[in-house]
Amino acid sequence: QVQLVESGGGLVQAGGSLRLSCAASGGTFSIRAMDWYRQAPGKQREFVAGLTSGGNTNYKDSVKGRFTIARDNARTTGYLQMNSLKPEDTAVYYCNASLVAGPGMYLEVWGQGTLVTVSS
C-alpha cells in the first residue's frame, strides 16, 4: 500500500525554522504535484502551500515570504521549509501528493501528519 511519510516536525521557538519532508513508501513514486495542509487544535484543516505539476507555487497569505514548498530534483521527496515561525503556526501538518503510478496514472495520497509546535 502506498503511503506518504512525513518527517521534520517538532518543537521550536518563535522565530525559528523547521523543514518538513514528505516521501512515498511502498515503492518508488515521483511526485507530480503536492500540497501541504495544517490543522490546529479545534480548527478545520486549512491549505498552506501548493506545488503544481508545472512547478508553480501558491501559498496561504499568512505564510507568504516565510514558507517555501519544493521537491527534490528526483521528484521523490517534497519539502516545506518554514522560517520565522510564529505560535499561530502551531498545528499538525499534512502532505497531500499526486504520485505518478504509471503512464497517465496518478495516485492521490495523504500523509499521516507531523506535529509542529512553536513556543512564544
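Our structure is the block above this text.
All residue numbers refer to positions counted from 1 along the written sequence of the respective chain. Totals for whole chains, interfaces and linings use all residues, but because this is a predicted model, local features are given only for residues with pLDDT of at least 70 and pairs of side-chain atoms are given and counted only at 80 or more. Side-chain numbers come from the whole structure's heavy atoms, not from hydrogens or water.

**Points about the overall build of the protein chain**
Under the scheme used here, helices are H or I runs from DSSP no shorter than 4 residues and strands are E runs no shorter than 2 residues, and both carry numbers assigned from the N terminus. The secondary structure content of the protein chain amounts to zero helices and 11 strands. Starting at the N terminus and walking to the C terminus, you meet the elements of the protein chain as β-β-β-β-β-β-β-β-β-β-β. By principal-axis analysis of the C-alpha atoms, the protein chain measures approximately 45 × 25 × 25 Å. Three exposure classes are used, based on accessible area relative to the maximum for each residue type with a 1.4 Å probe and protein chains only: buried under 20%, partly exposed in between, and exposed over 50%. The buried share among the 120 residues of the protein chain stands at 40%.

**A short note on the pairing of strand S1 (residues 3-7)**
The two faces of S1 differ: Leu-4 and Glu-6 on one face are buried, but Gln-3, Val-5 and Ser-7 on the other face are not. The criterion for strand pairing is that DSSP finds at least two bridges linking the strands in question. Bridge count for S1 against strand S3 (residues 18-25) is five bridges, and the pairing is antiparallel. The partner of Gln-3 across the bridge, within S3, is Ser-25.

**Quick word on the side chain of Arg-71**
Tracing the chain through its elements places Arg-71 in strand S7 (residues 67-71). Asp and Glu count as negative and Lys and Arg as positive, but His and the ends of the chain are not part of the count. Whenever Lys or Arg places a side-chain nitrogen within 4 Å of a carboxyl oxygen from Asp or Glu, that contact is recorded as a salt bridge. Buried and without a salt bridge, Arg-71 has Asp-72 as its closest oppositely charged side chain, separated by 7.2 Å. Within the local environment of Arg-71, its side chain forms a polar contact with the backbone oxygen of Ile-31, the two atoms lying 3.3 Å apart. Two N or O atoms count as a polar contact when they lie within 3.5 Å, although within protein this holds only if one can serve as hydrogen donor and the other as acceptor, and sequence-adjacent residues are included solely when both atoms are side-chain atoms. A distance of 2.8 Å separates the side chain of Arg-71 from the backbone oxygen of Arg-32, its partner in a polar contact. Any two residues having at least one pair of non-hydrogen atoms within 4.5 Å are treated as being in contact. Discounting residues that sit within four places of it in the chain, Arg-71 has contacts with Ile-31, Arg-32, Ala-33, Leu-51, Thr-52, Ser-53, Gly-55, Thr-77, Gly-78 and Tyr-79.

**Let's talk about the state of the cysteines**
As used in these notes, a disulfide is a covalent bond between sulfur atoms, one from each of two cysteines. Cysteine sulfur atoms that pair up within 2.5 Å are treated as a disulfide. Counted under the stated rule, the structure contains one disulfide. Residue Cys-22 pairs covalently with Cys-95 via a disulfide, S to S 2.1 Å. Negative torsions about the S-S bond denote left-handed disulfides, and the value of about -80 degrees found for Cys-22 with Cys-95 makes this one left-handed. One end of the pair, Cys-22, is in strand S3; the other, Cys-95, is in strand S9 (residues 91-102), and 73 residues separate them in sequence.

**Details of the pairing of S9**
Where burial is concerned, most of S9 is hidden: nine out of the 12 residues are buried. Here strand S4 (residues 30-39) pairs with S9 via nine bridges, running antiparallel. Counterpart to Met-34 in the pairing with S9 is Ala-97. Taken together, the three bridges between S9 and strand S11 (residues 114-119) define a ladder with antiparallel strand orientation. Paired with Tyr-93 across the bridge in S11 is Thr-114.

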